[in-house]
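Given next are the chains, with one letter for each unit.
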Amino acid sequence: MLKLFTDAAVSPKDQLAGAGLVVTGEGIYEQLLFPLPQTTDNHLAELQAFSLALNWVIENKHTEQYLLFYTDSQLVSQSIKKERIKNTDYQPIFASILDSLRALHLYEVIWIPEKENRGADNLAKQSLAKQRKNKKR
């Protein structure tokens, strides 16, 4: 079984966004951070963070494992459970997410409060800090 915690952070002032991913399982512990270029919408950033977690699972050939995805985004968790999203701006990435989920054997998407997602949240914020630092150079 793998547990994947995803989160996104957006700084509209700096026009920056980042994602954090924590992966835990037997013999696996990874902390990953990603810049999310040209994203200043928090909901879109959360969807992108979830998509990055899916890509990690597929690229690392863990599709046959039981997967628990944790997110503090109600939009992400509820939309996946309903298999639909209302906002047309999010439909392209959401369609990609649904397509990727079809490659998985068994998974659950679980909403958790922000305070239980601190690891992924810290990584997303680290991504913002790293981008700010690189901008100043």
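Structure: above.
Residues numbered from 1 in each chain as written. Predicted model: local features only at pLDDT ≥ 70, side-chain atom pairs only at ≥ 80, totals over all residues. Heavy atoms only, no water.

Enquirer: Just to check I follow, could you spell out the pairing of strand β3 (residues 28–35) for this structure?
Expert: Two faces belong to every sheet, and in a regular strand the side chains alternate between them. Two elements, strand β2 (residues 16–25) and β3, share 8 bridges in a ladder whose sense is antiparallel. When the sheet's bridge partners are listed, valine 23 is paired in β3 with glutamate 30. Once β2 ends, the chain turns through 2 residues before running back antiparallel as β3, passing glycine 27 with a positive phi of about 75°. (Pairing = 2+ DSSP bridges. Helix = DSSP H or I, 4+ residues; strand = E, 2+ residues; numbered from the N terminus.)

Enquirer: Would you mind showing me how to read the side chain of threonine 63 here?
Expert: Locating threonine 63 in the fold gives a position in the loop between α1 (42–59) and β4 (66–71). Looking at threonine 63, the relative accessible area reads 17%, which means it is buried. Not counting the four nearest positions on each side in its chain, threonine 63 is found in contact with Val57, Ile58, Ala103, Leu104 and His105. (Buried < 20%, exposed > 50% of the residue type's maximum accessible area, 1.4 Å probe, protein only. Contact = heavy atoms within 4.5 Å.)

Enquirer: Would you mind going over the packing of α1 against helix α2 (residues 74–82) with me for this structure?
Expert: A packed helix pair is summarised by two numbers, namely the angle formed by the two axes and the spacing between the axes. One can describe the packing of α1 onto α2 by two numbers: an axis separation of 9 Å at closest approach and a directional angle of 60°. Considering only the axes of α1 and α2, their crossing is right-handed. Facing α1, whose interface residues are His43, Glu46, Leu47 and Phe50, α2 presents Leu75, Val76 and Ile80. Split by residue class, the contact of α1 with α2 holds 5 nonpolar, 1 polar and 1 charged. (Axes fitted to C-alpha atoms, helices over the stretch in contact; angles between N-to-C directions. Left-handed = near helix turned anticlockwise from the far one by under 90°. Nonpolar A, V, L, I, M, F, W, Y, C, P; charged D, E, K, R; others polar.)

Enquirer: What exactly am I supposed to notice about the nonpolar core here?
Expert: Side chains of nonpolar character tend, in soluble globular proteins, to be buried together. Within the largest apolar cluster, 25 residues are counted, with the highest numbers of intra-cluster contacts made by Leu4, Phe50, Trp56 and Phe69. Of all elements in the fold, only β1 (2–11), β2, β3, α1, β4, α2 and α3 (91–101) reach the threshold of two or more residues within this core. Sort the elements by how many residues they give to this core and α1 lands first, with 6 residues. Among residues more than four places away in sequence, those in contact with phenylalanine 69 are Leu4, Phe50, Ala53, Leu54, Val57, Leu104, Tyr107, Glu108, Val109 and Ile110. (Core = buried A, V, L, I, M, F, W, Y, C linked by side-chain atoms within 4.5 Å.)

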